[in-house]
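# Structural characterization, general
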Amino acid sequence: MSLLSSENFQKMKMGFLMGGTTGACLGFLVGGMTVLRYGPGDKGYLATVGNQMLQTGGFLGFIMSIGMVVRADGVEPVSPFVKQQRPLGAYWPSQNRLPIVIEKLK
């Protein structure tokens, strides 16, 4: 699977949007507390809070976009037509369910 595939790009966009939105909300809270605690400074209230929102949103968006691609890189889609393998020891040959599932260790 190449890095520039459409699926990876979609996951990267989704991660950036999720991280950017979360970061902007967090930046609003942190920026608002900073303005209330230390004052607005030379730029004013809106610019100080907006700057904090952009910085935090960009950082978390970048981190989340990388994380989404890395997380989904090795996942292969499962076909509904492929018979799923049962864990070893889950069923007797008569298809009666065992009370304990024993999985094979690799």
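How each quantity is defined
- Residues numbered from 1 in each chain as written.
- Predicted model: local features only at pLDDT ≥ 70, side-chain atom pairs only at ≥ 80, totals over all residues.
- Heavy atoms only, no water.
- Helix = DSSP H or I, 4+ residues; strand = E, 2+ residues; numbered from the N terminus.
- Buried < 20%, exposed > 50% of the residue type's maximum accessible area, 1.4 Å probe, protein only.
- Contact = heavy atoms within 4.5 Å.
- Areas by Shrake-Rupley, 256 points an atom, 1.4 Å probe, with all protein chains shown as cover.
- Expected span 1.5 Å × (residues − 1).
- Patch = residues over 30% accessible without salt bridge, like charges linked within 9 Å, V, L, I, M, F, W, Y side chains within 5 Å.
- Salt bridge = Lys/Arg side-chain N within 4 Å of Asp/Glu carboxyl O.
- Polar contact = N/O pair within 3.5 Å; in protein donor to acceptor, adjacent residues only side chain to side chain.

## Concerning the overall build of the chain
Counting its regular elements, the chain contains two helices and zero strands. Counting only residues that meet the buried cut, the chain has 19% of its 106 residues in that class. Taking the intrachain contacts of the chain between residues at least 6 apart in sequence as the baseline, contacts between residues at least 24 apart amount to 55%. Of the roughly 8800 Å² of accessible surface on the chain, 68% is carried by carbon and sulfur atoms.

## Considerations on helix H1 (residues 6-38)
With 33 residues, H1 extends 46 Å from end C-alpha to end C-alpha; this agrees with the ideal 48 Å at 1.5 Å per step. Three or more residues of H1 are buried, namely Asn8, Gly15, Gly19, Gly20, Gly23, Gly27, Gly31 and Val35. A positive phi of about 90° marks Gly39, the residue just after H1.

## Examining the environment of Val70
Tracing the backbone shows Val70 in helix H2 (residues 45-72). Sequence-wise, Val70 and Met12 are 58 residues apart; in three dimensions their C-alpha atoms are separated by 9.5 Å.

## Quick notes on the environment of Gly15
Locating Gly15 in the fold gives a position in helix H1. Given a relative accessible area of 0%, Gly15 falls into the buried group. Spatially, the C-alpha atom of Gly15 lies 9.2 Å from that of Leu60, the residues being 45 residues apart in sequence. When neighbours within four sequence positions are excluded, Gly15 is seen to be in contact with Gly61, Met64, Ser65 and Met68.

## Quick notes on the environment of Tyr45
Position of Tyr45 among the secondary structure elements: in helix H2. Along the backbone, Tyr45 and Gly31 are 14 residues apart, and their C-alpha atoms lie at a distance of 9.1 Å. Not counting residues up to four positions away in its chain, the partners in contact with Tyr45 are Val35 and Pro40.

## With respect to a nonpolar patch on the surface
Together, Phe59, Phe62, Ile63, Ile66 and Val70 make up a nonpolar patch on the protein surface, roughly 510 Å² of accessible area in all. Along the polypeptide, Phe59 turns up in helix H2.

## Description of the side chain of Ser65
Checked against the element boundaries, Ser65 lands in helix H2. Of note is the side chain of Ser65, whose polar atom sits 2.8 Å from the backbone oxygen of Phe62. With residues up to four places along the chain from it excluded, the contact list for Ser65 reads Met12, Gly15 and Phe16.

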